[in-house]
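Structure assessment
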Amino acid sequence: MRSGDSGGLDPMDPIRSPDASQPRPLPRPRLPRGTRRARQVFLRDTMMAFGGLSAVLQVVGPFVPHSGSGAVVGLSVGACLGWGLLRACPAARVRQVFRRPDMTVVVETGDVFDQPAHLVVGFCDTFDTLSAGGRVINGDSVQAQLLDRGYGGDVHRLDAELSAALASAEPVAREERADKPLGKLDRYPVGTVAVLGTRPRLVFGVAYSRIGNDYVASSGVEDLWRGLGGLWDALRAHAQLERVAMPLVGSGLARLGYLDRDSLLRLILMSFVARSREGAICRELRVVIRPEELENVNMRELAAFLDALASGPDR
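Figured I'd write up the structure that's included with this text. In this text, all values refer to a predicted model and were calculated from it rather than measured experimentally.

This part takes up the packing of aromatic side chains. Applying the stated criterion across every chain, the model contains three aromatic pairs. Aromatic pair Phe-127 and Tyr-188: ring centres 5.8 Å apart, planes at 85°, arrangement edge-to-face. Remark: Tyr-188 occurs in the loop between strand S5 (186–187) and strand S6 (193–198) and Phe-127 occurs in the loop between strand S3 (118–124) and helix H3 (142–150); sequence separation between them is 61 residues. Taking relative accessible area as the criterion, Phe-127 reaches 0% and is therefore assigned buried. When the centroid spacing of 5.2 Å and the interplanar angle of 65° are considered together, the rings of Trp-232 and Phe-272 count as edge-to-face. Here Trp-232, found in helix H5 (residues 221–238), pairs with Phe-272, found in helix H6 (residues 261–278); they are 40 residues apart in sequence, far enough to count as distant. Residue class for Phe-272 comes out buried when judged on its relative accessible area of 0%.

Given below as structure tokens:
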């Protein structure tokens, strides 16, 4: 599967339990500087500050001595520029607490492997693992990192765990080897989840895309929504309300490019919150985006979106 949307962990990595009282500190993310979004926000908010301040000075200027002096003008310009810089500074983390049910949602930049949590992995409907030089599994995907960092490159062990996890799932179709020379042949329904690994960290491998016999993965909003629904059900059954971390699924090579990252994030979060209203899934969900993706995510607007989702009589 050509996808950059899967997440993974090292089951052998001695990382503390997701509910450990003192989890290891996360690395400070490196933020992109001088991004297009930051420049746009800086110019917009600086000009808005200039306009507002000018209106105020026009009203109070005649009544305030020396309001037009060079010192006052310089301070005003500096204040406007400072406000613009403050607003343009990209936020690396958004956190929202919900009260119905009691849970927390975090969106932050970083490496999903560093999260002290159960992890979510995106797969295609055949649960392919073979890289074949990047032809089936893209070498830059997080799923490829799962194999390298979680299983030491041992694809046979990963396949064995997947086979055991999918033993109770019924394939909906089987390809012919002549039509699909590489990879696996059984196709599972979108939304199928394979639970891998052992506690204290589990991997939830969710099929949310379909891979063609040309090894190109594709997914749509309906597929992603169905995949998320299956994921929430699996987390409710196996995660025991513990912390869960997931990458921004759909942002890589799964052909969901017509949705920008802001839209993908909102879709994921809206699905999670809606399903959580029916029954608690986990106490904390972390969506981890790569630092280079921060330019394409408006964290301030995302914070307002989460606040709106959390609003209500009981918050």
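Alright, that's what it looks like, and here's the rest.
Bringing the environment of Ser-219 into the picture now. One can find Ser-219 in the loop between strand S8 (217–218) and H5. For the pair Ser-219 and Tyr-208, spaced eleven residues apart in sequence, the C-alpha separation works out to 6.8 Å. Engagement of the side chain of Ser-219 in a polar contact is seen with the backbone oxygen of Tyr-208, the distance being 2.7 Å.

In total, this model carries 21 salt bridges according to the counting rule given. Here Asp-159 and Lys-184 are joined by a salt bridge, their closest N and O atoms 2.9 Å apart. Placement of the pair is Asp-159 in helix H4 (residues 155–165) and Lys-184 in the loop between strand S4 (173–174) and S5, with a sequence separation of 25 residues. Close ionic contact of Asp-223 with Arg-226 constitutes a salt bridge, the shortest N to O distance being 3.5 Å. Placement of the pair is Asp-223 and Arg-226 together in helix H5, with a separation of three residues, close to one helical turn. Each of Arg-93, Glu-108, Arg-243, Glu-284 and Arg-286 takes part in one network of salt bridges that share partners.

Okay, the nonpolar core next. Formed by 42 residues in total, the largest nonpolar core has its most connected members in Leu-231, Trp-232, Met-246 and Phe-272. When contributions to this core are tallied by element, the ones reaching two or more residues are strand S1 (93–99), strand S2 (102–109), strand S7 (201–211), H5, strand S9 (244–247), H6, strand S10 (284–289) and helix H7 (299–310). For this core, the leading source of residues is H6, giving seven residues. With sequence-adjacent residues up to four places away left out, Phe-272 is seen in contact with Met-103, Val-105, Trp-232, Ile-281, Cys-282 and Leu-285. Phe-123, Leu-146, Leu-196 and Ala-207 belong to the second-largest nonpolar core, a separate cluster that totals 15 residues.

This brings us to unusual backbone geometry. Glycine aside, residues mostly have negative phi, and peptide bonds are mostly found in the trans state. In this structure, the amide linkage connecting Arg-100 to the following residue, Pro-101, adopts the cis form with an omega of 0°. With an omega of 20°, the peptide bond between Arg-199 and Pro-200 qualifies as cis. Summarising the element assignment, Pro-200 is placed in the loop between S6 and S7. Positioned with a positive phi, Phe-127 is a non-glycine residue whose angle comes to about 55°. Phi at Gln-240 takes a positive value of approximately 55°, unusual for a residue other than glycine. Relative to the elements of secondary structure, Gln-240 occurs in the loop between H5 and S9.

A few words now on the pairing of S2. Across the eight residues that make up S2, a large majority, seven, are buried. Where S1 meets S2, seven bridges bridge the pair, whose relative direction is antiparallel. Bridged to Val-97 within S2 is Thr-104. With antiparallel pairing between neighbouring strands as the criterion, S1 and S2 make up a hairpin whose turn holds two residues.

Take the packing of H6 against H7 next. For the pair H6 and H7, the least separation of the axes is 11 Å and the interaxial angle reads 15°. Considering the angle they form, H6 stands roughly parallel to H7. For the crossing formed where H6 meets H7, the hand is right-handed. Judged by residue contacts, Leu-265, Arg-266, Leu-269, Met-270, Val-273 and Arg-277 of H6 engage Glu-301, Leu-302, Phe-305, Leu-306, Leu-309 and Ala-310 from H7. Here the residues of the contact of H6 with H7 sort into nine nonpolar, no polar and three charged.

Assignment of secondary structure puts Asn-298 in the loop between S10 and H7. Judged by relative accessible area, Asn-298 falls into the buried class, the value being 14%. Side-chain polar atoms of Asn-298 contact the backbone nitrogen of Glu-301, separated by 3.1 Å.

Axis separation between H5 and H6 bottoms out at 10 Å; the angle between their running directions is 40°. One element, H5, and the other, H6, form an angle in the oblique class. Viewed along their axes, H5 and H6 form a crossing whose handedness is right-handed. Of the residues in H6, those touching H5 at Val-221, Leu-224, Trp-225, Leu-228, Gly-229, Trp-232, Asp-233 and Arg-236 are Leu-264, Leu-267, Ile-268, Ser-271, Phe-272 and Arg-275. Here the residues of the contact of H5 with H6 sort into nine nonpolar, two polar and three charged.

Procedures and definitions
Residues numbered from 1 in each chain as written. Predicted model: local features only at pLDDT ≥ 70, side-chain atom pairs only at ≥ 80, totals over all residues. Heavy atoms only, no water. Phe/Tyr/Trp six-rings, centres within 6.5 Å; stacked < 30°, edge-to-face > 60°. Helix = DSSP H or I, 4+ residues; strand = E, 2+ residues; numbered from the N terminus. Buried < 20%, exposed > 50% of the residue type's maximum accessible area, 1.4 Å probe, protein only. Polar contact = N/O pair within 3.5 Å; in protein donor to acceptor, adjacent residues only side chain to side chain. Salt bridge = Lys/Arg side-chain N within 4 Å of Asp/Glu carboxyl O. Core = buried A, V, L, I, M, F, W, Y, C linked by side-chain atoms within 4.5 Å. Contact = heavy atoms within 4.5 Å. Pairing = 2+ DSSP bridges. Axes fitted to C-alpha atoms, helices over the stretch in contact; angles between N-to-C directions. Parallel < 35°, antiparallel > 145°, perpendicular 65-115°, else oblique. Left-handed = near helix turned anticlockwise from the far one by under 90°. Nonpolar A, V, L, I, M, F, W, Y, C, P; charged D, E, K, R; others polar.

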